[in-house]
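The residues making up each chain are set out below.
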Amino acid sequence: MVAGTDTPRSPHHSALRHVAARSYGDPLAPGPKLTMNFHPDRMVGDRLLLLRMADEGVYYSQFVTGTSNGGLTAYPGGDRWRWESRIFGGAYDQAAPHERPVYGALNHRNSSVGGAPRFGSSHFRLTADTLERATFCYPDSSTEPTAFAVESRFALIGMAEADGLDALDGHVEAHVHGSVRFDRDVEALVLDPSYRDTEVEEAARRLPCAIEWHPGFRLPVEHLRRHPGYRGQEYVDLGTEIAVEGCLDPWAIGRAARTGQHDAQALKKVWHCLARFGAPPSVVGAMSAEGEPSAIVE
């Protein structure tokens, strides 16, 4: 246990106990890891996100950072605040922002791109012992779910697999209670290869965890143009505009984001197109781990 999570009156303990009482099923089988997907090239003010992470040494929620790859509603009375109040039985209603849980996913598909690529091209892979202080829901918290789990009572994987959704929409959401420190709780930062030899790689090497590279997201413009019905023609057009040498990858989207010339929500839709149709072949096809290339360790 992390200091604070085993204190009976702490919000962490109260949240874990509340979700455990609403969970059922057999214990989670060994194997799947928690991952936290994010875009490592985004900026916080005028600084690269990864540089701020390296300085702080801790992964914070959007209640602290004010950034998100989903909706920005982490404030008292906002949607994220309300969802957490409901899921955790009000445990965090009076808590300081840094005490709140951080979000990830259970990588039950053992995917090289992480458990929830919807939220980013890269991910932190957490150590196995973080599972004991995590809670889970399916579908994700924005849908006001009624199915919950903890490590000792886990029936969500069967639900997710029965729905047959792809890796973008069928993730099992995880909430890690207590701090997530890069020097203790993270096995590796797994980056998209489009960040090789960039300031993102340089910043990543300041973190006290291993660096790995997954096979990569890459989508030729001619393939992007085949899918106007997925998020809309305007996002196909935007993806075509920001592509580099006829190809869209995470670095190209991040570069466009840093110019400030494009709507962040529009770029998020472009990312969805890339993540859905430009993921490594086995992720796009079978949406399972069978035969998927493993990450490259450094």
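Residues numbered from 1 in each chain as written. Predicted model: local features only at pLDDT ≥ 70, side-chain atom pairs only at ≥ 80, totals over all residues. Heavy atoms only, no water.

Chemist: Looking at this structure, how should I read the overall build of the protein chain?
Modeler: Per the secondary structure count, the protein chain includes 12 helices and 15 strands. Every one of the 298 residues in the protein chain was classed for burial, and the buried ones make up 53%. When contacts within the protein chain are restricted to residue pairs at least 6 apart in sequence, those whose partners lie at least 24 apart make up 72%. Total accessible area on the protein chain stands at roughly 13,000 Å², and carbon and sulfur atoms take up 49% of it. (Helix = DSSP H or I, 4+ residues; strand = E, 2+ residues; numbered from the N terminus. Buried < 20%, exposed > 50% of the residue type's maximum accessible area, 1.4 Å probe, protein only. Contact = heavy atoms within 4.5 Å. Areas by Shrake-Rupley, 256 points an atom, 1.4 Å probe, with all protein chains shown as cover.)

Chemist: Explain the packing of aromatic side chains here, please?
Modeler: Two measures describe an aromatic ring pair: the distance that separates the ring centres and the angle between the ring planes. For the structure shown, the criterion picks out 8 aromatic pairs. An aromatic cluster is built from Phe38, Tyr59, Phe124 and Phe182, whose rings are joined through pairwise contacts. Above the ring of Trp213, the side-chain terminus of Arg196 is found at 4.2 Å from the ring centroid. Positioned over the ring face of Tyr230 is Arg231, at 4.3 Å from the centre of the ring. (Phe/Tyr/Trp six-rings, centres within 6.5 Å; stacked < 30°, edge-to-face > 60°. Lys NZ or Arg CZ within 6 Å of the ring centre and 35° of its normal.)

Chemist: Any chance you could explain unusual backbone geometry here in plain terms?
Modeler: Glycine aside, a negative phi is what most residues show, and trans is what most peptide bonds show. For the peptide bond that leads from Tyr138 to Pro139, omega is -10 degrees, which places it in the cis range. Here the phi dihedral of Asp197 falls at roughly 60 degrees; this positive angle occurs in a residue that is not glycine. In the Ramachandran plot, Glu245 falls in the positive-phi region, its phi being about 50 degrees despite a non-glycine side chain.

Chemist: What exactly am I supposed to notice about the pattern of salt bridges here?
Modeler: Side-chain pairs of opposite charge can arise whenever the charged atoms involved come near each other. Summed over all chains, the structure comprises 16 salt bridges. Here the salt bridges share partners, and the residues they tie into one network are Lys33, Arg125, Glu187 and Glu212. (Salt bridge = Lys/Arg side-chain N within 4 Å of Asp/Glu carboxyl O.)

Chemist: Where do I start with the packing of helix H10 (residues 250-259) against helix H11 (residues 264-277) in this structure?
Modeler: Two quantities define a packed helix pair, namely the angle between the helix axes and the distance between the axes. Running from N to C, H10 and H11 cross one another at 180 degrees; their axes reach a closest spacing of 11 Å. The angle between H10 and H11 falls in the class roughly antiparallel. Packed against H10, whose contacting residues are Pro250, Ile253, Ala256 and Ala257, the element H11 presents Leu267, Val270, Trp271 and Leu274 at the interface. Residue classes in the contact of H10 with H11 are distributed as 8 nonpolar, no polar and no charged. (Axes fitted to C-alpha atoms, helices over the stretch in contact; angles between N-to-C directions. Parallel < 35°, antiparallel > 145°, perpendicular 65-115°, else oblique. Nonpolar A, V, L, I, M, F, W, Y, C, P; charged D, E, K, R; others polar.)

Chemist: What exactly am I supposed to notice about the nonpolar core here?
Modeler: Membership of the largest hydrophobic core comes to 42 residues, with the highest contact counts inside it found for Leu50, Phe124, Phe136 and Leu189. One finds Leu219, Leu248, Ala266 and Trp271 within the second-largest nonpolar core, a separate group that totals 25 residues. (Core = buried A, V, L, I, M, F, W, Y, C linked by side-chain atoms within 4.5 Å.)

Chemist: How should the packing of helix H9 (residues 233-242) against H11 be read in this particular structure?
Modeler: Look at H9 against H11: their axes get within 9 Å of each other, and the N-to-C directions meet at 85 degrees. By the angle between their axes, H9 is roughly perpendicular relative to H11. In this structure, H9 contributes Tyr235, Leu238, Gly239 and Ile242 to the contact, and H11 contributes Ala266, Leu267, Lys269 and Val270. Residue classes in the contact of H9 with H11 are distributed as 6 nonpolar, 1 polar and 1 charged.

Chemist: Got a minute to help me understand helix H5 (residues 156-163) in this structure?
Modeler: Every α-helix winds through 3.6 residues per turn, so residues three or four apart in the chain are directed the same way. For H5, every residue scored as buried is listed here: Leu156, Ile157 and Ala160. Along the long axis of H5, the arc covered by the buried residues comes to 100 degrees, so they all point the same way. (Arc of directions from axis to C-beta.)

Chemist: How should I be thinking about the side chain of Asp185 in this particular structure?
Modeler: Residue placement: Asp185 occurs in the loop between strand E10 (180-181) and strand E11 (186-191). In terms of polar contacts, Asp185 uses its side chain to reach the side chain of Arg133, at 3.2 Å. Once you skip the residues sitting within four places of it in the chain, Asp185 turns out to touch Leu126, Thr127, Thr130, Arg133, Ser179 and Val180. (Polar contact = N/O pair within 3.5 Å; in protein donor to acceptor, adjacent residues only side chain to side chain.)

Chemist: So what exactly am I meant to see when it comes to the side chain of His272 here?
Modeler: For His272, the location among the structural elements is in helix H11. Sequence-distant contacts of His272, that is, excluding residues within four places in its chain, are made with Arg118, Leu168, Tyr230 and Arg231.

Chemist: How should I be thinking about the environment of Asp26 in this particular structure?
Modeler: Relative to the assigned elements, Asp26 resides in the loop between helix H1 (11-21) and strand E1 (34-38). The class for Asp26 is exposed, based on a relative accessible area of 61%. Sequence separation of Asp26 and Arg153 is 127 residues, and the distance between their C-alpha atoms is 5.2 Å. Setting aside residues up to four positions removed in sequence, Asp26 forms contacts with Ser152, Arg153 and Phe154.

Chemist: Teacher, can you tell me more about the pairing of E11 here?
Modeler: Two faces make up the sheet, and in a regular strand the side chains alternate between them. Among the 6 residues that make up E11, 5 are buried, leaving the element largely enclosed by the rest of the structure. Strand direction decides the pairing type here: E11 and strand E12 (residues 210-213), joined by 4 bridges, are parallel. Bridge pairing in E12 links Leu189 to Ile211. (Pairing = 2+ DSSP bridges.)

Chemist: Sorry if this is basic, but what is going on with helix H2 (residues 49-56) here?
Modeler: The complete set of buried residues in H2 reads Leu49, Leu50, Met53 and Ala54. Viewed end-on, H2 has its buried residues packed into an arc of 135 degrees, placing them on one side of the element. One or two residues past the end of H2 sits Gly57, with phi positive at roughly 75 degrees.

Chemist: Explain the environment of Asp185 here, please?
Modeler: The class for Asp185 is buried, based on a relative accessible area of 3%. Considered as a pair, Asp185 and Ala128 are 57 residues apart in the sequence and their alpha carbons are 8.6 Å apart. Engagement of the side chain of Asp185 in a polar contact is seen with the side chain of Arg184, the distance being 3.0 Å.

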